[in-house]
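Residue-level structural notes
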Amino acid sequence: MSNVDLSVSIGSLTLANPFIAASGCFGYGVEYAGIVDLATLGAVAVKGLFLDEREGHPPERIVETPSGMLNAIGLQGIGVRRFVAEKLPPLREGGAVVIVNICGSTIREYAEVARILDDAEGVAAIELNISCPNIKKGGMLFGSSLRGTHDVVAAVRRVTRRPLIPKLTPNVADVASFAAAARDAGADAVSLVNTFLAMAIDVETRRPRLSNVVGGLSGPAIRPIAVRMVHECRQAVSLPLIGMGGIMTAEDALEFLIAGATAVQVGTANFVDPFIWEKLTAGLTGYLRRHGLTGVSEIVGSLDLSPPRNARNPPPTPCA
Amino acid sequence: MSNVDLSVSIGSLTLANPFIAASGCFGYGVEYAGIVDLATLGAVAVKGLFLDEREGHPPERIVETPSGMLNAIGLQGIGVRRFVAEKLPPLREGGAVVIVNICGSTIREYAEVARILDDAEGVAAIELNISCPNIKKGGMLFGSSLRGTHDVVAAVRRVTRRPLIPKLTPNVADVASFAAAARDAGADAVSLVNTFLAMAIDVETRRPRLSNVVGGLSGPAIRPIAVRMVHECRQAVSLPLIGMGGIMTAEDALEFLIAGATAVQVGTANFVDPFIWEKLTAGLTGYLRRHGLTGVSEIVGSLDLSPPRNARNPPPTPCA
Amino acid sequence: MPVDVDAAVLSNTRLSSDYNVVALAAPEIAGRAKPGQFVMVKPGSGDDPLLRRPFSVFEVLEDDTGRVTGLSLLNKRIGVTTRTLFGLAPGAAVRCLGPLGRPFSPADPSERAWMVAGGVGLAPFHGLAAALRNRGVESTLFYGARSARELFHLDAFRGLGVGLVLATDDGSRGDHGLVTLPLERALGRLDPAARLRLYACGPTPMMRAVTDLALAHGRRVEVSLEPVMGCGLGGCYSCVVPVRRPGEDPRFVRSCLDGPVFDGRTVVWDGLGAG
Amino acid sequence: MPVDVDAAVLSNTRLSSDYNVVALAAPEIAGRAKPGQFVMVKPGSGDDPLLRRPFSVFEVLEDDTGRVTGLSLLNKRIGVTTRTLFGLAPGAAVRCLGPLGRPFSPADPSERAWMVAGGVGLAPFHGLAAALRNRGVESTLFYGARSARELFHLDAFRGLGVGLVLATDDGSRGDHGLVTLPLERALGRLDPAARLRLYACGPTPMMRAVTDLALAHGRRVEVSLEPVMGCGLGGCYSCVVPVRRPGEDPRFVRSCLDGPVFDGRTVVWDGLGAG
Ligand SMILES: Cc1cc2nc3c(=O)[nH]c(=O)nc-3n(C[C@H](O)[C@H](O)[C@H](O)COP(=O)(O)OP(=O)(O)OC[C@H]3O[C@@H](n4cnc5c(N)ncnc54)[C@H](O)[C@@H]3O)c2cc1C
Ligand SMILES: Cc1cc2nc3c(=O)[nH]c(=O)nc-3n(C[C@H](O)[C@H](O)[C@H](O)COP(=O)(O)OP(=O)(O)OC[C@H]3O[C@@H](n4cnc5c(N)ncnc54)[C@H](O)[C@@H]3O)c2cc1C
Ligand SMILES: Cc1cc2nc3c(=O)[nH]c(=O)nc-3n(C[C@H](O)[C@H](O)[C@H](O)COP(=O)(O)O)c2cc1C
Ligand SMILES: Cc1cc2nc3c(=O)[nH]c(=O)nc-3n(C[C@H](O)[C@H](O)[C@H](O)COP(=O)(O)O)c2cc1C
Ligand code: FES
Ligand code: FES
C-alpha cells in the first residue's frame, strides 16, 4: 500500500492531518483525553474564552432540529487565565496542537485575551470568534460588519505573532467579502462557518425552546450552505480556509477540501460519535489511495467546474 | 366540538385556511387536481413565471441533503401568456385561490408579467420572486439589495392592483430590513423564505452534483433559520408575513404562525406527501380545539418572550 | 388517480448480496398498476432521508383465489433508501404512492415483443410479460447481468411463456458480455417483414445502445428511463429528460408524467443526467 | 473509560403501552457500569434524529454461568428516539456509549437505604439495589406510578431483598397519590437515631419534594437528574445544572460529568431547565 501524506499547512502551522475539533464541541480538550489520543487530531480548537469567567445561559441550552441542533450555551467558560494555568499544561502533555478560540465584548478585550495567549506556551494558533450568535455584546456584532471584522482582526494582529484565524459567521450576504476583510487586516487564514442564527418554538407553551430565544444551528443540516460558502471564499480570496459545518464522515470532509478548504473542523459530529477521529483519517487515507493520490494538497480546491457532459452541447438551449 | 375558524386575511385577500402550496413545489397546480381538491387549500402559489418560455437547467436539477434538498431547476416554465391561456382556466374551475409567482431578468420584465396578470381573471395575488438563487440574471440579484427590492416592488406596484407579495431571500444578513423596504415600496405582505444558496459535491468525480453548480436548499433542515427570520420580521415591521421553510407537519406550521406569520407555504413536504393538506388542516384544527381557541388569528404572533421560569431569578447570574 | 398506502412488508426475499424482493401489502395500488408504471416509496420515518424513491412495480401479488393482495419491488442496494429496503423486516411499514407514470404500450398479437433488461432493469418486465401473455403476444426476454448468480426469476418468466436469451459480464451464463450482443444477432436474423416491438430497461448506455440497434434495424423501441425523481407527480421538474418529438425542437419533459417510458427515438441521449 | 459498542438488541419486552425493556449485547459496558451511571444511545441510522440520548443502565445481564452478556434499558416512550427504542426488533443495532457519569455512592451496612422512584425513574435502582444487597445494606423502594399496571419488576426487587412501598396516582395499588406521601409517613416514623440514606429518581418536582422532605428530617439524599444531554462527555455544556456547593456561589456544572447523581441539597432547583 502506498503511503499517503495527510499533513496540511496553514501558513506557518503544520498539522498532521486536516481534522480539527471545532470550538465549543470538544470542551477544553482535556475532557476527551481519556477517549482519544489528542495528538492524533490535526488540532484541537478549544471552547471560546473571554478574559473572565462566564456562567453562560440558563437551560435549555440546546434543542435538536432536523439533522441539526441549536445551541445557545452563552459561552460559559473559565476565562483565559484559568485556561492557561489549568488546561494548557495537560493539553501540551497530551501532545495536542491547540488552537484557542477567543471572544470579546470589546476590541480591547479581544486584544487583551490574545496578548495573554501570546505569552503562553503551547498555543499553536488563535481563532478569533467574531461570529458567535448567542451573546448580546461582541461576537457576531463584529463579524457581521466588514469594518468590525477588519478592526478586531487588526487589533489582535498587533498584539500577537501567533497564526491568527478569524472565524466567519454565515449570517451575512457575502461571506467572501468578510474573508477578504480579514485577510486585509492581517489574518493568516479564516475558518468558516460558525452557526446559523436560528430558533425553535415549543408550540404547546408558545415559548422559545431555548432560554436565550435564539441559538446557532449546526450539524449536517447546514453542510450544503457551508460548502457553498467555502467555495465562494476560494473563488474570491487566496487565503487558506478552514471549512466546517455538518461534517459527519470523511466524504463530507472531502466536499470541503475539494471546495477549497485546507483543513476542516468537526463539531456536532463529535457529540454523536466521540470516536470519529480515527474514522475520518482512515476514510481520507482510503480515499486518497483509491484515487492514486499521495497527499491531501492534491485535492484541496480541486473542484472541477467544467460544464457537465450533458450541458456541453445542451440539446435544449436554456434561455438564460 | 366547538367550531374553529381557520381562515386568515392578508390585506384584502382572505384564505379559507393558512396553508398555501409553495411556488415551484406544486407545478402549475393542475398537476395535483386529481389528487387534492384545490379549493381546500388556502391558496396555490404556482411555479415561477417569466414573460417567455424557459427550458431551465439540464439535469441533475436536484440532490438530496440531510433533511433537505437542493434544487436548481432554473425556472423551466411556459411563460405568463401560456399560463393565462392554458392553466388559469382549469385552476379557476377547480376553485383554487391562485397566487402567481413571477420572475424577471429586468424590472421591465417583472412589470410586464404583472401587467398581463393584472388583466387576467382568477389571479388572487402576485408573489414577486426576487429571491431565486438559481438563475444568472434577475431573481436574487434584486432581492439581495435593499434598493433592488424597493425598485422592483415599486415598479410592479404601479401596474397592478392585485395584492402584491414580494418573496424574500434568506441569503442576506438582515432580512427584516428587506421586509421594510418591500413595505415602503407598496407591498401588501411579504413571503419568506426562499431557498438558501448551497452546494453539494460528488467527491468521486470532484464535480458539483448540480449542473448549475449551486442550488437552493429547502426542507426541514432550514426550518429553524426560517422561523428565526419570520420572528425578526415580526419584531421589526407590521406587514403581514407568509412564512415557509421546511414545514412538514401542523406543529411546524404552528411555529411559524406563533412567530408571527399570518399564513404559511409548504413546498418540499408536498413532494414527500402530496396528501399533506388535509393533515395540516386537521392538525391545526385539533390544536386550536385542544387549546380552547376559536381562530387562527389568536395564535398569530402569540410567541411568549417573557423570561423562562428558571431564568427569572437566575441563581447563577450570567456575566453578560 | 394514485393513492398513498402505508403498506406493511409481507416478505423480504434476499436474492443475492445486493438484490432482494420486497412484497408490500398495497392492493389498492397493485390492482391498478399497468406494466411500466412505478411507485414512490419511503421506508422508515424521520426527515433523513427525506424524499421518496421511485421503483417499478415488479410483481402484482395475488392470493389463491386470485384476489390482488399487494405488489413487490425488485430492489438493488445502491444507496441509503435501497439499503433500508434491503434490510426491512416483515411487518415494517413502507409508504407507497402510486401507480404513477406512463406505462408501456403493449404489443398486439400480430407483433412479437422483445424485452431487453440489464440488471435491476428487469423490474418492469415481469408485469409486461404477464400482460403480453394475456394478450397472446409471443415474447422474449434478453437479460444481462454481472454473473449467473444475478440472473433472477428466470422460472417465473418461463412460466409466463417468455423465451429467455441471457448474457453475463463474466460469461458464467449465456453470452459473455453485454446483452446487446445476442440482441444484435437476433435482430440481424429476424425476418425484416416480421413485426417486432422492443422494450428496454437498464443502465442508460445499454438503453441507448438498444435504441441505436433498434433504429438501425428499423424497429420501434420503448425505453424506461430512471432519472432522479423528487416527487413523481409533476410538481418539482427535477426528472426532466430532453425529448425531441418529430418536427419539434428538443424540450425537457417530466419523466414522471410523460415517462418513465419513452419512445427511444425521441430521447436526446446526450442530454440525460448522470442518474 | 467509556467505550462505544454497536450493540445488537437481544430482546425487547413490552411492559405496557409506553414502557419496555430493551436488552443490548454490550457486555464491555455492562461489566463496568456502576449504579447510577448512564449510556448514550442511538438506534437507527441517518442524521434525523441526530443526537444520542441518555439512558440509565437498568439491569446488568448475565448468562447461567454468571458471565456478563449485556445490559438493559427501561424505556418510556415520550419522543422520537424512545419511540424507536419501543419498536426495536431483536437483532437491530443500537449504538451505545458508556458507562458515563458519576454513580450513586452506595450506603454502607450501618445505614439503611431508601430508594424513591417515580415512573421511569425506577431505572437506576435495579443496579443500586443489587449493589446494596451485595454490601449487605437493608433497602426499601418507594415507588410511584400512574397506576398498578405501570408498577414494573416488583418481583425482581423483592428478589433482591428490597422492601416495597407503593403509590399510584389512581389508587389502584398502594397509596392513592404521590410516592412522597408514604415517604413522608415513613420518615416521620423512623427513629431519628437510625442512619439513613435516600436516593431519588423521577420527575423533577418529585425529586425536589423528596429533597425537601429529606432536609426537613435531616437526611442526606442523592438525586439522579435528567437534563437534556447533547454529548454525555463534557464536550457541549448543554446539560448544566445550577449547583450551590457549601460556601460557594451557585455555578452551572455539567451533569454528564459532575452528575447525573447530585447531592440533593446542592441543587438550585429553581434554576433547572424544563427537561
Ligand atoms: C421510474 C423508475 C423506476 C425505478 N425502478 C427501480 C426498481 O424497480 N428497482 C430498483 O432497485 N431501482 C429502481 N429505480 C432506481 C431507484 O429509484 C434508485 O436506485 C434509488 O432512487 C436510489 O435511492 P437510494 O436512496 O438507495 O440512493 P441514494 O443514496 O439516493 O443515491 C446513491 C447513489 O445513487 C445515485 N442515484 C440516485 N438515484 C438514482 C437513479 N434513479 N438511478 C441511478 N442512480 C441513482 C445517486 O446519485 C448516488 O450517487 C427506479 C428509478 C426510476 C426513476
Ligand atoms: C442520565 C439520564 C438517564 C436517563 N435514563 C432514562 C431511562 O432509563 N429511561 C428512559 O426512558 N429515559 C431516561 N432518561 C430520559 C431520556 O433521555 C429522554 O426520555 C430521551 O432523551 C427522550 O428522547 P426522545 O428522542 O424520545 O424525545 P424527543 O423527541 O427528543 O423529545 C420529546 C419531548 O421530550 C422532552 N425531553 C427531551 N429530553 C428529555 C429529558 N431528558 N427528560 C424529559 N423530557 C425530555 C423534549 O423537550 C420534548 O418535548 C434519562 C435521562 C438522563 C439525563
Ligand atoms: C454546543 C456548541 C458550542 C459552540 N461553541 C463555540 C464557541 O465557543 N466558539 C466558536 O467559535 N464556535 C462555537 N461553536 C460553533 C462550532 O465550532 C462550529 O462552527 C459549528 O458548530 C459548525 O460545525 P458543526 O456543524 O460541525 O458543528 C459551537 C457549536 C456548538 C454546537
Ligand atoms: C424544486 C423547487 C422549486 C422551486 N421553485 C420556486 C419558484 O419557482 N419560485 C419561488 O419563489 N420559489 C421556488 N422554490 C422555493 C419554495 O417556494 C420555498 O420558498 C422553499 O422551498 C422553502 O420552503 P420548503 O422548505 O417548504 O420547500 C422552489 C423550491 C423547490 C424545492
Ligand atoms: S419527479 Fe417531480 S416533476 Fe417529475
Ligand atoms: S452532555 Fe455535553 S457537556 Fe454534558
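Residues numbered from 1 in each chain as written. Chains lettered and ligands numbered in written order. Predicted model: local features only at pLDDT ≥ 70, side-chain atom pairs only at ≥ 80, totals over all residues. Heavy atoms only, no water.

**Notes on the overall build of chain C**
Put simply, the rule is: Here a helix means four or more residues in a row that DSSP labels H or I, a strand means two or more in a row labelled E, and each is numbered from the N terminus. The quantity called the radius of gyration is restricted to C-alpha atoms. Its globule counterpart is 2.2 Å times the number of residues to the power 0.38. Per-residue accessibility, obtained with a 1.4 Å probe over protein chains only, is compared with the maximum for each type, and a residue is labelled buried under 20%, exposed over 50%, and partly exposed between these values. By definition, residues are in contact when any of their heavy atoms lie within 4.5 Å. Residue burial considers only the protein chains on display, and all accessible areas are found by Shrake-Rupley using a 1.4 Å probe.
Scanning chain C from N- to C-terminus turns up six helices and 16 strands. Taken over C-alpha atoms, the radius of gyration comes to 18 Å for chain C, in line with the 19 Å a tight globule of 275 residues would show. Once the C-alpha set of chain C is aligned to its principal axes, its extents read approximately 55 × 45 × 35 Å. Across the 275 residues in chain C, those meeting the buried criterion constitute 57%. Relative to all contacts within chain C whose residues are 6 or more apart in sequence, the contacts with residues 24 or more apart total 64%. Counting every atom, chain C has about 10,800 Å² of accessible surface; 50% of that belongs to carbon and sulfur.

**Quick notes on the packing of helix H6 (residues 223-236) of chain B against helix H7 (residues 250-259) of chain B**
All names here are of chain B. Worth spelling out the cut-off: For helices, the fitted axis covers only the stretch in contact; all axes are lines through C-alpha atoms, and the angles between them, taken along N-to-C directions, range from 0 to 180 degrees. Note on terminology: angles under 35 degrees are roughly parallel, angles over 145 are roughly antiparallel, angles of 65 to 115 are roughly perpendicular, and the others are oblique. By definition, any crossing whose near helix is turned counterclockwise from its far helix by less than a right angle is left-handed, and any crossing with a clockwise turn is right-handed. Residue type decides the class: Asp, Glu, Lys and Arg count as charged, Ala, Val, Leu, Ile, Met, Phe, Trp, Tyr, Cys and Pro as nonpolar, and the leftover types, Gly among them, as polar.
Following both chains from N to C, one finds H6 and H7 inclined at 20°, their axes separated by 8 Å at the closest point. In terms of orientation, H6 and H7 fall into the roughly parallel class. Of the two elements, H6 crosses H7, and the hand of that crossing is right-handed. Note on element contacts: H7 touches H6 through Asp252, Glu255, Phe256 and Ala259, opposite Arg223, Ala226, Val227, Val230, His231 and Arg234. Across the contact of H6 with H7, the residue classes break down as five nonpolar, one polar and four charged.

**A word on the interface of chain C and chain A**
Where we set the bar: As used here, buried area is the combined drop in accessible area, with a 1.4 Å probe, of two parts when they are placed together. Salt bridge, as used here: a side-chain nitrogen of Lys or Arg that lies within 4 Å of a carboxyl oxygen of Asp or Glu. Each polar contact in these results corresponds to two N or O atoms within 3.5 Å; when the atoms are within protein, one needs to be able to donate a hydrogen and the other to accept it, and residues that are neighboring in sequence are counted only if both atoms are side-chain atoms.
Contact with chain C, which involves twelve residues of that partner, is made by six residues of chain A. Counting the surface lost from both chain C and chain A, the interface buries some 630 Å², and carbon and sulfur atoms represent 59% of this. Joining chain C to chain A, the criterion identifies zero salt bridges. At the junction of chain C with chain A, the criterion picks out four residue pairs in polar contact (both at pLDDT 80 or more). A breakdown of the residues in the side of chain C that touches chain A according to their chemical character gives seven nonpolar, two polar and three charged.

**Quick look at helix H1 (residues 79-93) of chain B**
All names here are of chain B. How we decide: To estimate the expected span of a helix, count its residues, drop one, and scale the result by 1.5 Å. Bend at a residue means the angle formed by two fitted axes: the first through the 7 residues ending at that position, the second through the 7 residues beginning there.
Counted at 1.5 Å a residue, the expected span for H1 with its 15 residues is 21 Å, and the 21 Å between its end C-alpha atoms agrees. The principal kink in H1, of about 45°, is found at Lys87, preceding the proline Pro89 by one to four residues. All of the buried residues in H1 are Gly79, Val80, Phe83, Lys87, Leu88 and Leu91. Buried-residue contacts for H1 involve strand S4 (43-49), strand S7 (98-102) and helix H2 (107-119). Phi turns positive one or two residues past the end of H1, at Gly95, with a value near 80°.

**Digging into the side chain of C:Arg52**
Here C:Arg52 is to be found in the loop between strand S3 (38-43) and strand S4 (53-56). By relative accessible area, which is 0% here, C:Arg52 ends up buried. Engagement of the side chain of C:Arg52 in a polar contact is seen with the backbone oxygen of B:Val272, the distance being 2.6 Å. There is a polar contact of 3.3 Å between the side chain of C:Arg52 and the backbone oxygen of C:Met40. Other than its neighbours up to four places away in sequence, C:Arg52 contacts B:Val272, B:Asp273, C:Asp4, C:Met40, C:Val41, C:Lys42, C:Arg95, C:Cys96, C:Leu97 and C:Met229.

**A word on the sheet that holds strand S6 (residues 68-71) of chain A**
Sheets are built from strands paired through backbone hydrogen bonds, the pairs being either parallel or antiparallel. Residues and elements named next belong to chain A. Selection rule: Only strands that DSSP links by at least two bridges are regarded as paired with each other.
What the four strands build is an open sheet, ordered S5-S6-S14-S11; its pairing is antiparallel. Two strands lie at the open edges of the sheet, namely strand S5 (62-65) and strand S11 (196-198), each paired on one side alone. Direction aside, neighbouring strands of the sheet carry axes that sit 35° apart on average. Summarising the sheet, S6 and strand S14 (residues 215-218) pair through three bridges and their orientation is antiparallel. Residue pairing in the sheet places Leu70 in a bridge with Leu217 of S14.

**Concerning the packing of helix H5 (residues 175-184) of chain A against helix H6 (residues 223-236) of chain A**
All names here are of chain A. It is the contact of H5 with H6, at a shortest axis distance of 8 Å, that shows an interaxial angle of 50°. With respect to each other, H5 and H6 are oriented oblique. For H5 against H6, the interelement crossing comes out right-handed. Along the contact surface, H5 presents Val175, Ala176 and Ala179, while H6 presents Met229, Glu232, Cys233 and Ala236. Looking at side-chain class alone, the contact of H5 with H6 contains six nonpolar, no polar and one charged residues.

**Thoughts on the packing of aromatic side chains**
Our working rule: Stacked, edge-to-face and tilted labels apply to pairs of Phe, Tyr and Trp rings (six-membered ring for Trp) whose centres lie within 6.5 Å, assigned for plane angles under 30 degrees, over 60, and everything in between, in that order. By definition here, charges over rings are those cases where NZ of Lys or CZ of Arg is within 6 Å of the ring centre and within 35 degrees of the ring normal.
Enumeration according to the criterion identifies 16 aromatic pairs over all chains in this entry. By way of ring pairs, the aromatic residues A:Phe26, A:Tyr32 and A:Trp277 are connected into one cluster. Over the aromatic face of D:Tyr237 sits the side chain of A:Lys47, whose NZ or CZ is 4.6 Å from the ring centroid. Geometry around D:Phe252 places A:Arg61 over its ring, the cationic atom sitting 5.0 Å from the centre.

**Points about the site of ligand 1**
Residues and elements named next belong to chain C. Put simply, the rule reads: For this purpose, a residue is taken to be near a molecule or strand whenever a single non-hydrogen atom of the residue falls within 4 Å of it.
Near ligand 1, the surroundings consist of 22 residues, among which Pro54, Leu74, Lys76, Thr81 and Thr82 are the closest. Leu74 has a polar backbone atom sitting 2.6 Å from a nitrogen atom of ligand 1. One nitrogen or oxygen atom from the main chain of Lys76 is found 2.9 Å from an oxygen atom belonging to ligand 1. Burial of ligand 1 by the surrounding chains reaches 79%, relative to a free accessible area of 880 Å². For the shell around ligand 1, the element with the most residues is S4, which contributes four residues. Here the residues of the shell around ligand 1 are counted per class, giving 13 nonpolar, six polar and three charged.

**What to know about the relation of the copies chain A and chain B**
Note the following rule: We superpose the copies by least squares over the C-alpha atoms of residues that have a pLDDT of at least 70 in both of them.
Turning chain A through 180° and shifting it by 0.0 Å along the axis lays it on chain B, with an RMSD of 0.0 Å. On the angle and the small slide along the axis, the relation comes out as a two-fold axis. When each C-alpha of chain A is compared by its distance to the rotation axis, A:Ala221 comes out closest, at 2.4 Å. Looking at the interface residues of chain A, 100% of them are also at the interface in chain B, so both copies use one shared face.

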